[in-house]
Amino acid sequence: MEIADKINLFKTLNSYNTLRADDLYDVLKKCDSLKINYYDYMTTTPISCDEELCRLPTADYDLCCALLTMLLREDHFSNGSFDRRLHCGQIKPVIERIIYLLSETHNEK
């Protein structure tokens, strides 16, 4: 998939008034960016989602995708956590960082 296509998918996702975990999963899957091995990107053991999210300002594309996968997995084990994190404003900044990183890469070409 082209970088421009990924940017458009994430921008569309970011524009949703009500973002669902399934929508995020679908976009990560379409972009081949779902990090099944997300725990390899984490620095805390056991994984602390809050601490890992603090790494966002310096995160690269792969780490951002791993963070989103981590949040999807958290929701799987703790149903409703995705909606709580979305309401607290912890999901969209990761998506916005992905859009920023992809746009930088796209503009370099």
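Model, not experiment: these values are computed from the prediction. (Residues numbered from 1 in each chain as written. Predicted model: local features only at pLDDT ≥ 70, side-chain atom pairs only at ≥ 80, totals over all residues. Heavy atoms only, no water.)

Colleague: What should I look at first to understand the nonpolar core in this one?
Modeller: Soluble globular proteins tend to bury their nonpolar side chains together. Judged by nonpolar contacts, the single largest core of 35 residues is most densely connected at F10, L28, Y61, L68, M70, I95 and I98. Where this core is concerned, the elements lending two or more residues are α1 (3-15), α2 (21-30), α3 (49-53), α4 (61-77) and α6 (92-108). Element by element, the count of residues in this core is highest for α4, at 10 residues. (Core = buried A, V, L, I, M, F, W, Y, C linked by side-chain atoms within 4.5 Å. Buried < 20%, exposed > 50% of the residue type's maximum accessible area, 1.4 Å probe, protein only. Helix = DSSP H or I, 4+ residues; strand = E, 2+ residues; numbered from the N terminus.)

Colleague: How should I be thinking about the packing of aromatic side chains in this particular structure?
Modeller: Two descriptors summarise a pair of aromatic rings, namely the distance from one centre to the other and the angle between the planes of the rings. A complete count under the given rule lists one aromatic pair for this structure. Taking 5.5 Å as the distance between ring centres and 65 degrees as the angle between the ring planes, the aromatic pair formed by Y38 and Y39 counts as edge-to-face. Taking the relative accessible area as the measure of exposure, Y39 reaches 49% and is therefore partly exposed. (Phe/Tyr/Trp six-rings, centres within 6.5 Å; stacked < 30°, edge-to-face > 60°.)

Colleague: Explanation requested: the side chain of S81 in the structure shown.
Modeller: Locating S81 in the fold gives a position in helix α5 (residues 81-87). The class for S81 is buried, based on a relative accessible area of 3%. When residues no more than four places from it in sequence are discounted, the contact partners of S81 are E74 and D75. (Contact = heavy atoms within 4.5 Å.)

Colleague: So what exactly am I meant to see when it comes to the packing of α1 against α2 here?
Modeller: Geometry of a packed helix pair, given as the angle between the helix axes and the separation of the axes. Between α1 and α2, the shortest axis-to-axis distance is 10 Å and the interhelical angle comes to 175 degrees. Comparing their axes, α2 and α1 come out roughly antiparallel. Contact residues: L9, F10 and L13 in α1; D23, L24, V27, L28 and K30 in α2. Counted by class, the contact of α1 with α2 contains six nonpolar, no polar and two charged residues. (Axes fitted to C-alpha atoms, helices over the stretch in contact; angles between N-to-C directions. Parallel < 35°, antiparallel > 145°, perpendicular 65-115°, else oblique. Nonpolar A, V, L, I, M, F, W, Y, C, P; charged D, E, K, R; others polar.)

Colleague: Help me understand the pattern of salt bridges in this model?
Modeller: Oppositely charged side chains can pair when the atoms bearing their charge come close. Scanning the entire structure with this criterion turns up six salt bridges. Close ionic contact of D62 with K35 constitutes a salt bridge, the shortest N to O distance being 3.0 Å. With D62 in helix α4 and K35 in the loop between α2 and α3, the pair connects residues that are 27 residues apart, well separated along the chain. Overall, D62 belongs to the partly exposed group, its relative accessible area being 31%. The salt bridge involving R55 is made with E52; its shortest N-O contact spans 2.7 Å. In the salt-bridge network here, residues are joined through shared partners; they are R20, D22 and D23. (Salt bridge = Lys/Arg side-chain N within 4 Å of Asp/Glu carboxyl O.)

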